[in-house]
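What the coordinates show
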Amino acid sequence: MDESRPIFIQIAEQVENDIIEGSLPEGSQIPSTNEFAAFLRVNPATALKGVNRLVDDGIVEKRRGIGMFVTQGARARLIERRRADFATEYIRPLIIEAEKLGIDIDELAGLLRAERINS
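None of the values given here were measured: they were computed from a predicted structure.

1. Focus on the pairing of strand β1 (residues 60-63)
Here β1 pairs with strand β2 (residues 67-70) via four bridges, running antiparallel. Each residue of the ladder has a partner; that of E61, found in β2, is F69. If you look at the hairpin formed by β1 and β2, you'll find three residues sitting between the two strands, and G65 has a positive phi there, around 80°.

Below is the structure:
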């Protein structure tokens, strides 16, 4: 766990990552808040806060007496949201900095391709 960010957010993001990567497919049950709490050694209320965030976002749904399950379409919604966040957090600042340095879009694309090859 990353101590610089709230644990409940990290719990929600880990479930989101598992959904995106496919290890938690749509319709599958996620671990209970008590399982999260025991595994991560956190207060169950903290785990519940992370799971409730996913419920509020429509990523998981509560089935009374059974548990929490990944909703249909959750993966597509997460990818769409993450792509938008990626553009805002990384692409726009990259383009702004490139423009300051006189790097046009074609040159920037070439730099990205070169970095991809080298990594």
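More follows now that the structure is in view.
2. Describing the side chain of E16
Mapped onto the secondary structure, E16 falls in helix α1 (residues 7-21). When near neighbours in sequence (up to four residues on either side) are disregarded, E16 contacts L54, D57, L78, R81 and R82.

3. Considerations on the domain arrangement of the protein chain
Looking at the assigned domains, one finds that the protein chain contains domain 1 (7-72) and domain 2 (85-118). Relative to domain 2, the C-alpha centre of domain 1 lies at a distance of 35 Å.

4. Digging into the pattern of salt bridges
When their charged atoms lie close together, side chains carrying opposite charge are able to pair. All told, the structure shown has six salt bridges when counted by the stated rule. Ionic pairing is found between E16 and R82, a salt bridge with its closest N-O pair at 3.2 Å. Residue E16 is located in helix α1, and its partner R82 is located in helix α4 (residues 74-100); the two are separated by 66 residues in the primary sequence. In this structure E16 comes out as buried when scored by relative accessible area, which is 4%. E97 is the salt-bridge partner of K100, the closest N and O atoms lying 3.9 Å from each other. Of this pair, K100 and E97 both sit in helix α4, three residues apart, which is roughly one turn of the helix. By relative accessible area, which is 63% here, K100 ends up exposed. Classification of E97 as partly exposed rests on a relative accessible area of 38%. Through salt bridges with shared partners, a single network forms among E16, D57, R81 and R82.

Calculation notes
- Residues numbered from 1 in each chain as written.
- Predicted model: local features only at pLDDT ≥ 70, side-chain atom pairs only at ≥ 80, totals over all residues.
- Heavy atoms only, no water.
- Pairing = 2+ DSSP bridges.
- Helix = DSSP H or I, 4+ residues; strand = E, 2+ residues; numbered from the N terminus.
- Contact = heavy atoms within 4.5 Å.
- Domains from an automatic or database assignment.
- Salt bridge = Lys/Arg side-chain N within 4 Å of Asp/Glu carboxyl O.
- Buried < 20%, exposed > 50% of the residue type's maximum accessible area, 1.4 Å probe, protein only.

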